[in-house]
Amino acid sequence: MTNYIIRETEEYDKLVPFFIENELEFTEDDAIEVPTYIQKCWEIIEGEDPENGRLIGGFVLGKREGEYICDGIAIDKAYRKSHLGKSLLELAIEEIRANGGKRIYLVARAPEFFRKQGFNTVSREEAPNFFECLTCPQYGVSCHPEVMLYNL
């Protein structure tokens, strides 16, 4: 198995293109802006030298309307069976608990992965109305993500 480093990063702008490259449903040009307060970002770097390694994973923990959200999570295709996504989720959940949070929401393109981690689907009617994709005209047409919730 390849060596990697998981670390906090302040470089949100580096993670966004990585999320797009790894098939999230938006591009920087057509993303709808929803006020988000970034709480913490993590990156996974391949190799032992974080300054020269390749980005293979990332997670952005945000807050919207007082609720914690996963504002982005992606793992490079070659590493998706390496439990790295689970490791990132665990870091976020630890952070939420440490700050007194009770839950985290996300919009999942891979709902089965998140179900295995303990998330449950929330109906669109019950979901908070602060996710960009819930207002996207492609939602439910050519894109079928699920709003999900994890109660801590």
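Heads up: the structure comes first, above all this text.
Not measured: the values here are computed from a predicted model.

**Student:** Help me get a handle on the pattern of salt bridges, residues and values and all.
**Tutor:** If you walk through the whole model with that rule in mind, you get eleven salt bridges. We note a salt bridge from R7 to E43, for which the minimum N-O separation is 2.5 Å. Of the two residues, R7 sits in strand 1 (residues 4-9) while E43 sits in strand 2 (residues 37-46), which places them 36 residues apart along the sequence. Among the residues examined, E43 registers a relative accessible area of 0% and is labelled buried. We note a salt bridge from K40 to E8, for which the minimum N-O separation is 3.3 Å. Of the two residues, K40 is situated in strand 2 and E8 in strand 1; the sequence distance between them amounts to 32 residues. Taking relative accessible area as the criterion, E8 reaches 48% and is therefore assigned partly exposed.

**Student:** Describe the sheet that holds strand 7 (residues 146-151), listing the residues and the values that go with them.
**Tutor:** Picture the strands of a sheet paired through backbone hydrogen bonds; they go either parallel or antiparallel. If you walk across this open sheet you meet the seven strands as 1-2-3-4-5-7-6, and the pairing is mixed. In the strand order of this sheet, the two ends are held by strand 1 and strand 6 (120-121), each with one partner. When strand 5 (residues 103-108) meets strand 7, the two strands line up antiparallel, connected through six bridges. Residue I104 lies in a different strand from strand 7, and its bridge partner there is Y150. Docked against the sheet, helix 1 (residues 12-21) engages strand 1, strand 2, strand 3 (54-64) and strand 4 (67-75), running at close to 110° with respect to strand 3. The strands that helix 2 (residues 84-98) touches are strand 1, strand 2, strand 3, strand 4, strand 5 and strand 7; relative to strand 3, the one it contacts most, it runs at about 30°.

**Student:** If you had to explain the nonpolar core to someone new, which residues and values would you point to?
**Tutor:** Residues F59, L61, I104, F114 and F119 are the most contacted members of the largest nonpolar core, which totals 23 residues. Of all the secondary-structure elements, those providing two or more residues to this core are strand 2, strand 3, strand 4, helix 2, strand 5 and strand 7. Looking at this core element by element, the count peaks at six residues for helix 2. With eight residues, the next largest nonpolar core counts L15, F19, I45 and V60 among its residues.

**Student:** Outline unusual backbone geometry, supporting the account with residue identities and numerical values.
**Tutor:** With glycine set apart, most residues show a phi of negative sign, and most peptide bonds adopt trans. A positive phi angle is found at E65, which is not glycine, with a value near 50°. Along the chain, E65 falls in the loop between strand 3 and strand 4. Of the residues examined, E65 reaches a relative accessible area of 66% and is grouped as exposed. A positive phi is found at H83, a non-glycine position, where the angle reads about 65°. Relative to the helices and strands, H83 resides in the loop between strand 4 and helix 2.

Rules and cut-offs
- Residues numbered from 1 in each chain as written.
- Predicted model: local features only at pLDDT ≥ 70, side-chain atom pairs only at ≥ 80, totals over all residues.
- Heavy atoms only, no water.
- Salt bridge = Lys/Arg side-chain N within 4 Å of Asp/Glu carboxyl O.
- Helix = DSSP H or I, 4+ residues; strand = E, 2+ residues; numbered from the N terminus.
- Buried < 20%, exposed > 50% of the residue type's maximum accessible area, 1.4 Å probe, protein only.
- Pairing = 2+ DSSP bridges.
- Contact = heavy atoms within 4.5 Å.
- Axes fitted to C-alpha atoms, helices over the stretch in contact; angles between N-to-C directions.
- Core = buried A, V, L, I, M, F, W, Y, C linked by side-chain atoms within 4.5 Å.

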